[in-house]
Amino acid sequence: MTNQNKTIWQKWKAWVNGEEALLHPDAYIAKRAERKKRSKKKTFNMRRMKENPQVYHFLCVSVCAAFIGILLAVVAELPSFGAAENPTNNEVMERYLEKGMEETGAINFVTGMILDYRAFDTFGEANVLFLAVIGVWMLLQRDRKNFSAEQERECEEDAAIETAESKTILQIGAKYLTPMILLYGVYVICNGHLSPGGGFSGGAIIGGGLILYAAAYGQEKVGAFLTKRRFLTMIAGSLLTYFACKSYSFFTGANHVGYAIPKGTPGEILSAGWILPLNICVGLVVACTMYGFYALFTKGEL
(Lines give C-alpha, C1' and ligand atoms only; values in the text may rest on other atoms or scores of the structure.)
Protein backbone atom coordinates (compact mmCIF):
# COMPACT_ATOMS: atom_id res chain seq x y z
CA MET A 1 0.00 0.00 0.00
CA THR A 2 1.49 3.32 -1.06
CA ASN A 3 1.63 6.36 1.16
CA GLN A 4 -1.06 8.09 -0.93
CA ASN A 5 -3.54 5.25 -0.31
CA LYS A 6 -3.07 5.20 3.47
CA THR A 7 -5.50 6.89 5.80
CA ILE A 8 -4.46 9.45 8.41
CA TRP A 9 -4.88 6.83 11.15
CA GLN A 10 -2.61 4.35 9.31
CA LYS A 11 0.02 7.04 8.76
CA TRP A 12 -0.09 7.97 12.44
CA LYS A 13 0.25 4.34 13.54
CA ALA A 14 3.21 3.87 11.22
CA TRP A 15 4.86 7.00 12.63
CA VAL A 16 4.37 5.77 16.22
CA ASN A 17 5.83 2.37 15.31
CA GLY A 18 8.90 3.98 13.77
CA GLU A 19 8.07 3.05 10.18
CA GLU A 20 8.38 6.54 8.78
CA ALA A 21 11.43 5.53 6.71
CA LEU A 22 9.38 2.82 4.97
CA LEU A 23 6.58 5.24 4.13
CA HIS A 24 8.74 8.16 2.96
CA PRO A 25 12.17 6.73 2.04
CA ASP A 26 13.46 9.68 0.01
CA ALA A 27 11.89 12.44 2.08
CA TYR A 28 12.88 10.73 5.31
CA ILE A 29 16.53 10.35 4.27
CA ALA A 30 16.70 13.94 3.08
CA LYS A 31 15.08 15.24 6.26
CA ARG A 32 17.45 13.17 8.39
CA ALA A 33 20.50 14.47 6.53
CA GLU A 34 19.26 18.05 6.90
CA ARG A 35 18.64 17.54 10.61
CA LYS A 36 22.13 16.09 11.07
CA LYS A 37 23.62 19.02 9.20
CA ARG A 38 21.83 21.54 11.40
CA SER A 39 22.86 19.61 14.49
CA LYS A 40 26.52 19.74 13.48
CA LYS A 41 26.24 23.47 12.84
CA LYS A 42 24.71 24.09 16.26
CA THR A 43 27.31 21.89 17.94
CA PHE A 44 30.10 23.75 16.20
CA ASN A 45 28.76 27.12 17.26
CA MET A 46 28.35 26.00 20.86
CA ARG A 47 31.83 24.51 20.88
CA ARG A 48 33.30 27.72 19.52
CA MET A 49 31.45 29.74 22.14
CA LYS A 50 32.75 27.48 24.91
CA GLU A 51 36.27 28.06 23.65
CA ASN A 52 35.81 31.67 24.79
CA PRO A 53 35.15 31.18 28.53
CA GLN A 54 34.58 34.85 29.27
CA VAL A 55 31.66 35.16 26.82
CA TYR A 56 30.24 31.80 27.90
CA HIS A 57 30.37 32.68 31.61
CA PHE A 58 28.90 36.12 30.95
CA LEU A 59 25.93 34.63 29.09
CA CYS A 60 25.35 32.05 31.83
CA VAL A 61 25.40 34.68 34.56
CA SER A 62 23.14 36.98 32.52
CA VAL A 63 20.50 34.30 31.97
CA CYS A 64 20.52 33.32 35.65
CA ALA A 65 20.34 36.95 36.75
CA ALA A 66 17.39 37.56 34.39
CA PHE A 67 15.45 34.64 35.84
CA ILE A 68 16.25 35.70 39.40
CA GLY A 69 15.11 39.24 38.61
CA ILE A 70 11.82 37.99 37.16
CA LEU A 71 11.15 35.82 40.22
CA LEU A 72 11.98 38.66 42.63
CA ALA A 73 9.70 41.03 40.73
CA VAL A 74 6.83 38.53 40.96
CA VAL A 75 7.41 38.03 44.69
CA ALA A 76 7.49 41.79 45.26
CA GLU A 77 4.07 42.15 43.63
CA LEU A 78 2.44 39.48 45.78
CA PRO A 79 -0.06 40.77 48.37
CA SER A 80 0.94 40.80 52.01
CA PHE A 81 0.15 37.66 53.96
CA GLY A 82 -3.05 38.00 56.00
CA ALA A 83 -4.09 41.33 54.50
CA ALA A 84 -7.86 41.89 54.33
CA GLU A 85 -7.70 42.96 50.68
CA ASN A 86 -6.03 39.72 49.56
CA PRO A 87 -7.83 37.90 46.73
CA THR A 88 -8.07 34.84 48.97
CA ASN A 89 -10.30 36.71 51.41
CA ASN A 90 -13.38 36.84 49.21
CA GLU A 91 -16.88 35.44 49.10
CA VAL A 92 -15.69 32.10 47.72
CA MET A 93 -13.71 31.25 50.85
CA GLU A 94 -16.58 32.38 53.04
CA ARG A 95 -18.98 30.18 51.07
CA TYR A 96 -16.75 27.13 51.53
CA LEU A 97 -16.37 27.68 55.29
CA GLU A 98 -19.88 28.80 56.16
CA LYS A 99 -22.01 26.55 53.91
CA GLY A 100 -19.57 23.80 52.97
CA MET A 101 -20.96 21.16 55.32
CA GLU A 102 -24.56 22.04 54.52
CA GLU A 103 -24.11 21.99 50.74
CA THR A 104 -21.69 19.07 50.40
CA GLY A 105 -22.36 16.99 53.52
CA ALA A 106 -18.61 16.51 54.02
CA ILE A 107 -16.86 17.31 57.29
CA ASN A 108 -13.55 17.60 55.46
CA PHE A 109 -13.95 20.94 53.67
CA VAL A 110 -10.99 20.24 51.36
CA THR A 111 -12.63 17.08 50.03
CA GLY A 112 -15.95 18.86 49.73
CA MET A 113 -14.29 21.59 47.69
CA ILE A 114 -12.33 19.42 45.25
CA LEU A 115 -15.07 16.79 44.75
CA ASP A 116 -18.13 19.01 44.79
CA TYR A 117 -17.54 22.70 44.19
CA ARG A 118 -14.55 22.03 41.92
CA ALA A 119 -15.34 18.49 40.81
CA PHE A 120 -14.80 19.42 37.17
CA ASP A 121 -11.17 20.43 37.91
CA THR A 122 -10.56 17.16 39.72
CA PHE A 123 -12.04 15.25 36.80
CA GLY A 124 -9.56 16.99 34.51
CA GLU A 125 -6.66 16.10 36.82
CA ALA A 126 -7.72 12.43 36.82
CA ASN A 127 -7.83 12.49 33.02
CA VAL A 128 -4.34 13.99 32.95
CA LEU A 129 -3.06 11.03 34.99
CA PHE A 130 -4.78 8.63 32.62
CA LEU A 131 -3.31 10.31 29.53
CA ALA A 132 0.13 10.41 31.15
CA VAL A 133 0.25 6.67 31.86
CA ILE A 134 -1.16 5.86 28.41
CA GLY A 135 1.49 8.09 26.80
CA VAL A 136 4.28 6.38 28.75
CA TRP A 137 2.78 3.01 27.82
CA MET A 138 2.83 3.89 24.11
CA LEU A 139 6.47 4.99 24.29
CA LEU A 140 7.96 2.32 26.56
CA GLN A 141 5.88 -0.80 25.97
CA ARG A 142 7.96 -3.78 24.89
CA ASP A 143 6.94 -5.11 21.49
CA ARG A 144 8.58 -6.21 18.26
CA LYS A 145 8.49 -2.65 16.93
CA ASN A 146 10.70 -1.01 19.55
CA PHE A 147 12.47 -3.91 21.26
CA SER A 148 15.44 -5.80 19.86
CA ALA A 149 16.54 -9.38 20.49
CA GLU A 150 19.53 -8.11 22.48
CA GLN A 151 17.31 -6.07 24.79
CA GLU A 152 15.02 -9.06 25.23
CA ARG A 153 18.00 -11.22 26.21
CA GLU A 154 19.15 -8.61 28.72
CA CYS A 155 15.69 -8.52 30.29
CA GLU A 156 15.69 -12.30 30.58
CA GLU A 157 19.10 -12.21 32.26
CA ASP A 158 17.90 -9.52 34.68
CA ALA A 159 14.84 -11.62 35.48
CA ALA A 160 16.99 -14.67 36.12
CA ILE A 161 19.30 -12.69 38.42
CA GLU A 162 16.32 -11.19 40.22
CA THR A 163 14.80 -14.64 40.74
CA ALA A 164 18.04 -16.12 42.02
CA GLU A 165 18.83 -13.14 44.26
CA SER A 166 17.93 -13.57 47.90
CA LYS A 167 15.59 -10.88 49.24
CA THR A 168 14.68 -12.48 52.52
CA ILE A 169 14.42 -9.31 54.58
CA LEU A 170 12.57 -7.38 51.88
CA GLN A 171 10.17 -10.25 51.18
CA ILE A 172 9.38 -10.84 54.84
CA GLY A 173 8.80 -7.11 55.35
CA ALA A 174 6.62 -6.84 52.24
CA LYS A 175 4.66 -9.95 53.23
CA TYR A 176 3.44 -8.31 56.44
CA LEU A 177 3.52 -4.64 55.47
CA THR A 178 1.77 -4.76 52.09
CA PRO A 179 -1.66 -5.89 53.43
CA MET A 180 -1.55 -3.20 56.11
CA ILE A 181 -0.50 -0.54 53.59
CA LEU A 182 -3.31 -1.48 51.21
CA LEU A 183 -5.84 -1.58 54.05
CA TYR A 184 -4.71 1.83 55.30
CA GLY A 185 -5.01 3.23 51.77
CA VAL A 186 -8.59 1.94 51.56
CA TYR A 187 -9.32 3.55 54.94
CA VAL A 188 -7.92 6.91 53.81
CA ILE A 189 -10.02 6.82 50.63
CA CYS A 190 -13.27 5.78 52.31
CA ASN A 191 -12.90 8.34 55.10
CA GLY A 192 -11.78 11.21 52.87
CA HIS A 193 -15.04 13.10 53.46
CA LEU A 194 -14.81 12.62 57.23
CA SER A 195 -11.13 13.18 58.02
CA PRO A 196 -7.92 14.30 56.30
CA GLY A 197 -7.30 12.15 53.26
CA GLY A 198 -9.19 11.24 50.12
CA GLY A 199 -8.69 9.68 46.74
CA PHE A 200 -5.34 11.24 45.90
CA SER A 201 -3.57 10.44 49.16
CA GLY A 202 -5.22 7.03 49.59
CA GLY A 203 -4.47 6.09 45.99
CA ALA A 204 -0.82 7.06 46.48
CA ILE A 205 -0.65 4.80 49.55
CA ILE A 206 -2.14 1.85 47.64
CA GLY A 207 0.20 2.48 44.71
CA GLY A 208 3.16 2.49 47.11
CA GLY A 209 2.02 -0.83 48.56
CA LEU A 210 1.82 -2.41 45.10
CA ILE A 211 5.30 -1.10 44.24
CA LEU A 212 6.71 -2.54 47.49
CA TYR A 213 5.20 -5.95 46.73
CA ALA A 214 6.50 -5.88 43.15
CA ALA A 215 9.99 -4.92 44.31
CA ALA A 216 10.05 -7.81 46.80
CA TYR A 217 8.40 -10.60 44.82
CA GLY A 218 8.66 -9.42 41.22
CA GLN A 219 6.18 -7.84 38.85
CA GLU A 220 4.94 -11.25 37.75
CA LYS A 221 3.27 -11.70 41.15
CA VAL A 222 1.44 -8.37 40.83
CA GLY A 223 0.65 -9.08 37.19
CA ALA A 224 -1.15 -12.27 38.23
CA PHE A 225 -4.07 -10.19 39.53
CA LEU A 226 -3.40 -6.75 37.97
CA THR A 227 -3.37 -7.67 34.29
CA LYS A 228 -3.33 -5.19 31.43
CA ARG A 229 -7.05 -5.67 30.85
CA ARG A 230 -7.90 -5.09 34.51
CA PHE A 231 -5.53 -2.14 34.66
CA LEU A 232 -7.23 -0.37 31.76
CA THR A 233 -10.70 -1.44 32.90
CA MET A 234 -10.18 0.05 36.36
CA ILE A 235 -8.87 3.37 35.07
CA ALA A 236 -11.40 3.77 32.27
CA GLY A 237 -14.25 2.52 34.46
CA SER A 238 -13.32 4.92 37.26
CA LEU A 239 -13.26 7.91 34.90
CA LEU A 240 -16.59 6.94 33.31
CA THR A 241 -18.16 6.41 36.75
CA TYR A 242 -16.87 9.79 37.90
CA PHE A 243 -18.41 11.44 34.85
CA ALA A 244 -21.71 9.59 35.32
CA CYS A 245 -21.94 10.69 38.97
CA LYS A 246 -21.09 14.36 38.37
CA SER A 247 -22.22 15.03 34.81
CA TYR A 248 -25.40 16.68 36.08
CA SER A 249 -23.23 19.18 37.97
CA PHE A 250 -21.19 19.96 34.86
CA PHE A 251 -24.32 20.82 32.87
CA THR A 252 -26.48 22.55 35.49
CA GLY A 253 -23.97 24.87 37.14
CA ALA A 254 -22.17 25.00 40.46
CA ASN A 255 -25.38 25.09 42.50
CA HIS A 256 -26.76 21.86 40.97
CA VAL A 257 -30.07 23.52 40.09
CA GLY A 258 -32.95 21.05 40.31
CA TYR A 259 -30.73 18.09 41.20
CA ALA A 260 -30.64 17.80 44.97
CA ILE A 261 -28.61 14.72 45.91
CA PRO A 262 -29.25 13.41 49.46
CA LYS A 263 -26.28 14.37 51.61
CA GLY A 264 -27.02 12.04 54.54
CA THR A 265 -25.95 12.79 58.09
CA PRO A 266 -22.54 14.53 58.26
CA GLY A 267 -20.07 12.36 60.13
CA GLU A 268 -21.41 9.00 58.94
CA ILE A 269 -19.54 6.89 56.42
CA LEU A 270 -22.48 6.87 53.98
CA SER A 271 -22.91 10.61 53.65
CA ALA A 272 -21.81 13.59 51.54
CA GLY A 273 -23.72 12.52 48.44
CA TRP A 274 -21.46 11.40 45.59
CA ILE A 275 -18.20 12.31 47.33
CA LEU A 276 -17.51 8.78 48.63
CA PRO A 277 -17.81 7.03 45.21
CA LEU A 278 -15.87 9.88 43.60
CA ASN A 279 -13.08 9.39 46.15
CA ILE A 280 -12.98 5.68 45.28
CA CYS A 281 -12.76 6.49 41.55
CA VAL A 282 -9.92 8.97 42.05
CA GLY A 283 -8.10 6.55 44.37
CA LEU A 284 -8.20 3.76 41.78
CA VAL A 285 -6.88 6.08 39.06
CA VAL A 286 -4.00 7.32 41.24
CA ALA A 287 -3.05 3.83 42.45
CA CYS A 288 -3.04 2.38 38.93
CA THR A 289 -1.07 5.35 37.60
CA MET A 290 1.65 5.04 40.25
CA TYR A 291 2.13 1.32 39.73
CA GLY A 292 1.87 1.73 35.95
CA PHE A 293 4.73 4.23 35.90
CA TYR A 294 6.86 1.93 38.06
CA ALA A 295 6.20 -1.14 35.90
CA LEU A 296 6.71 0.62 32.59
CA PHE A 297 9.94 2.38 33.59
CA THR A 298 11.47 -0.77 35.10
CA LYS A 299 10.30 -3.58 32.80
CA GLY A 300 8.59 -1.85 29.86
CA GLU A 301 5.32 -3.71 30.46
CA LEU A 302 2.61 -4.21 33.05
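These lines cover the structure that appears in this document, whether it is placed above or below.

Reading the values: the criteria
- Residues numbered from 1 in each chain as written.
- Predicted model: local features only at pLDDT ≥ 70, side-chain atom pairs only at ≥ 80, totals over all residues.
- Heavy atoms only, no water.
- Helix = DSSP H or I, 4+ residues; strand = E, 2+ residues; numbered from the N terminus.
- Contact = heavy atoms within 4.5 Å.
- Buried < 20%, exposed > 50% of the residue type's maximum accessible area, 1.4 Å probe, protein only.
- Polar contact = N/O pair within 3.5 Å; in protein donor to acceptor, adjacent residues only side chain to side chain.
- Salt bridge = Lys/Arg side-chain N within 4 Å of Asp/Glu carboxyl O.
- Phe/Tyr/Trp six-rings, centres within 6.5 Å; stacked < 30°, edge-to-face > 60°.
- Axes fitted to C-alpha atoms, helices over the stretch in contact; angles between N-to-C directions.
- Left-handed = near helix turned anticlockwise from the far one by under 90°.
- Nonpolar A, V, L, I, M, F, W, Y, C, P; charged D, E, K, R; others polar.
- Expected span 1.5 Å × (residues − 1).
- Arc of directions from axis to C-beta.
- Core = buried A, V, L, I, M, F, W, Y, C linked by side-chain atoms within 4.5 Å.
- Parallel < 35°, antiparallel > 145°, perpendicular 65-115°, else oblique.
- Disulfide = S-S within 2.5 Å.

### Structural notes on the overall build of the protein
- When helices and strands are tallied, the protein shows 13 helices and zero strands.
- The order of α-helices and β-strands along the protein, N terminus first, is α-α-α-α-α-α-α-α-α-α-α-α-α.
- Taking the contacts inside the protein whose residues are at least 6 apart along the sequence as the reference set, 67% of them involve residues at least 24 apart.

### Observations regarding the side chain of Thr111
- Along the chain, the position of Thr111 falls in helix H6 (residues 109–117).
- Classification of Thr111 by relative accessible area gives buried; the value is 2%.
- Side-chain polar atoms of Thr111 contact the backbone oxygen of Gly192, separated by 2.7 Å.

### A few points about unusual backbone geometry
- Even without a glycine there, the phi angle at Ala272 is positive, about 70°.
- Relative to the helices and strands, Ala272 resides in the loop between helix H12 (228–252) and helix H13 (275–298).

### Section: the pattern of salt bridges
- Taken as a whole and judged by the stated rule, the model has three salt bridges.
- Here Lys246 and Asp116 are joined by a salt bridge, their closest N and O atoms 3.9 Å apart. Remark: Asp116 occurs in helix H6 and Lys246 occurs in helix H12; sequence separation between them is 130 residues. The pair Lys246 / Asp116 is uniform in exposure class, with both members buried.
- The partner of Arg118 in a salt bridge is Asp121, with the nearest N and O atoms 2.9 Å apart.
- By relative accessible area, which is 42% here, Arg118 ends up partly exposed.
- On the basis of relative accessible area, Asp121 is assigned to the partly exposed category, the value being 34%.

### Considering the packing of aromatic side chains
- Inspection of the entire model under this criterion finds eight aromatic pairs.
- Taking the centre distance of 5.2 Å and the plane angle of 20° together, the rings of Phe123 and Tyr242 count as stacked. Linking Phe123 in helix H7 (residues 119–140) with Tyr242 in helix H12, this pair joins segments that are 119 residues apart in sequence. Of the two residues, Phe123 and Tyr242, neither departs from the other in class, the shared state being buried.
- Centre to centre, the rings of Trp137 and Phe231 are 5.9 Å apart; their planes meet at 75°, and the pair counts as edge-to-face. With Trp137 in helix H7 and Phe231 in helix H12, this pair connects stretches of sequence that are 94 residues apart.
- On the basis of relative accessibility, which here comes to 8%, the residue Trp137 falls in the buried class.
- One aromatic cluster is present, formed by Phe123, Tyr242 and Phe243 through successive ring pairs.

### What about the packing of helix H10 (residues 199–217) against H13?
- Direction vectors running N to C along H10 and H13 enclose 35°, while the axes themselves pass 7 Å from each other. Crossing of H10 against H13: the hand is right-handed. Residues Gly199, Phe200, Gly203, Ala204, Ile206, Gly207, Gly208, Leu210, Ile211, Ala214 and Ala215 of H10 touch H13, and the partners they reach there are Asn279, Val282, Gly283, Val286, Ala287, Met290, Tyr291 and Tyr294.
- Taken together, the residues of the contact of H10 with H13 sort by class into 13 nonpolar, six polar and no charged.

### Here we look at H7
- Helix length check: H7, at 22 residues, gives a terminal C-alpha distance of 32 Å against a target of 32 Å (1.5 Å per residue), a fit within 8%.
- For H7, the full list of buried residues reads Ala119, Thr122, Phe123, Ala126, Val133, Val136 and Trp137. The buried side chains of H7 occupy one side of the element, clustering within an arc of 155° when seen end-on. Projecting away from the buried face of H7 at angles above 90 degrees are the exposed residues Phe120, Val128, Leu131 and Leu139.

### A closer look at the nonpolar core
- Of all hydrophobic cores here, the largest spans 20 residues; its most connected members are Leu226, Phe231, Ile235 and Tyr291.
- At the level of secondary structure, the elements contributing two or more residues to this core comprise H7, H10, H12 and H13.
- Not counting residues within four places of it along the chain, the set of residues in contact with Ile235 comprises Phe130, Val133, Val285 and Cys288.
- Ranked by size, the runner-up nonpolar core spans twelve residues in total, among them Leu115, Ala119, Tyr242 and Val282.

### Focus on the environment of Leu183
- Looking at where Leu183 falls in the secondary structure, it is placed in helix H9 (residues 168–190).
- For the pair formed by Leu183 and Ile206, sequence separation is 23 residues and the distance between their alpha carbons is 8.2 Å.

### With respect to the packing of H9 against H10
- Following both chains from N to C, one finds H9 and H10 inclined at 165°, their axes separated by 8 Å at the closest point. The orientation of H9 with respect to H10, classified from their angle, is roughly antiparallel. Crossing geometry of H9 relative to H10 is assigned as left-handed.
- Partitioning the contact of H9 with H10 into residue classes produces 17 nonpolar, eight polar and one charged.

### What about the state of the cysteines?
- Counted under the stated rule, the structure contains zero disulfides.
- Of all cysteine sulfurs, the one in Cys281 lies closest to Cys245, which takes part in no disulfide; the gap is 6.0 Å.

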